[in-house]
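# Structural features, examined
The chain contents come next:
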Amino acid sequence: MNDQLQETKNFIQELSEQLYIYITQISPSGMDWIFHIIVKLSLLVVLFLVTDFVFKFTINSVFRLFHDEKKFPVLKSIYQAKITNSVAHFAALIVVGAIQGSIFPENALPKTTIFIIRCVNLGLVLILAGMLYRSLTAFRNYFSIKQDFYKIMALNAISETVKILGLFVFTVVGICVVFGIKGTTIVGSLGAITAVLVLVFRDTILGFVTGLHVATSKILKVGDWVSIPKYSLEGNITEISLLTTKITNFDKTVSTIPTYDLMTTEIKNLQIMSESNTRRIKKSIYFNINSFKFLTDEDIERLKDVNLISDYLEEKSIEIKKEKESLEHSDKIVNGRQLTNIGVFRYYAQRYIENDPDVDKKGTRMVRQLDITPQGLPLEIYCFANDSKWERFEQIQADIFDHLLVASKEFDLQVMQVSVKV
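Conventions used here
Residues numbered from 1 in each chain as written. Predicted model: local features only at pLDDT ≥ 70, side-chain atom pairs only at ≥ 80, totals over all residues. Heavy atoms only, no water. Pairing = 2+ DSSP bridges. Helix = DSSP H or I, 4+ residues; strand = E, 2+ residues; numbered from the N terminus. Axes fitted to C-alpha atoms, helices over the stretch in contact; angles between N-to-C directions. Contact = heavy atoms within 4.5 Å.

## Description of the sheet that holds strand 2 (residues 233-240)
Read from one edge of the open sheet, five strands run 4-3-2-1-5, paired in antiparallel fashion. Only two strands of the sheet have a single neighbouring strand rather than two, namely strand 4 (254-258) and strand 5 (268-269). Relative to strand 2, strand 1 (residues 225-228) runs antiparallel, the two being bridged by four bridges. Bridge assignment links S227 to a residue of strand 2, and that residue is E234.

## Quick word on unusual backbone geometry
Of note in the backbone geometry, S232 takes a positive phi value of approximately 55° without being a glycine. Within the secondary structure layout, S232 lies in the loop between strand 1 and strand 2. Unlike most non-glycine residues, D412 shows phi in positive territory, near 60°. With respect to the helices, strands and loops of the structure, D412 is situated in the segment after helix 15 (390-407).

## What to know about the sheet that holds strand 6 (residues 279-287)
Here three strands make up an open sheet; going across it, the order is 6-8-7 and the pairing antiparallel. In this open sheet, the two strands that pair with only one neighbour each are strand 6 and strand 7 (366-369). In this sheet, adjacent strand axes meet at a mean angle of 20° when their direction is disregarded. Taken together, the nine bridges between strand 6 and strand 8 (residues 377-385) define a ladder with antiparallel strand orientation. Along strand 8, the bridge assignment pairs I285 with L379. Along the sheet, helix 15 contacts strand 6 and strand 8; its crossing angle with strand 6, the most-contacted strand, is approximately 25°.

Rendered as structure tokens:
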């Protein structure tokens, strides 16, 4: 066996020497090295393509056996990202680099041999760079199969940073390979421009950190419905990249904001509201304090005809009468507890939203007084509409306040508004 290998090697070397002599004879004077490089590269490229085809066919044939992405998500992700092709390229180029010394005589035109070796090494660097980028795609495919959208979003931010840093690193390595420079020489000279690089890649670094923060905290993801008061935006997140985040507004326009703003700006995530199909109503009616009064017996009897509060008024009237029996000067209306028109209306509004079929029964339903303002006393309605769609929500909200604004007249309440003099 060893004798046969030695004979094959001698035969190849003999052919190589004859090829060298033939190229030297047909080449113009002083240009033989160019022809040698062209012929050598051509032969090596053909050898690489043949070897690469064999490796690629073999590796891909094996990976095709694991076609079920549910059972073999990792292998399926690798195959979809075409990492197997990069592995085949790398293996084929290593084979070509290993045997090129046996094909061509090393003592003839050594500069061409050095050039070929550097070309092979540069090819290996480029294939490794492509393998790195395809690995990022494989991770994305894997998380897509697992439907882990938060990790996909984090990977989008990380992958952009890795691509930029990878481009820088592989560029430095490529220069070192092509020109035969030591890597420490180039890296050492970067110390003087570190501050400049940090300044140039400021947004990139901030975007990278934000992507990690958002992914680990799981507060946002692509598809979420968000509101950003700083920019007066409300819409769905369609893309989160390293530098910018795209938001499709409800008027079908597209807005972009810096990604690092996701960590430094107030953002309301309304997606939970959308998923629960509810939407908050939080709105106030301002009443004139001068219209507030104690209810007389006549007022109470008149309001007992209002179905939502008739039982309440009956119960409270009995309680107040019992208390007044033991009070001195019970004829004075300010002595003891009394019913007021604003208090009874507040109870009426509470009962109204509790009985409204368009108000979510599981959410908070509350009518409360806020701090008095120069515009009057705010009476806030706080509840949740049982439909998160914008158009339907506005209808539900308007119906509630249309009714309450008009109903307040039955309680002799005056809604505050600015009077315009003509």
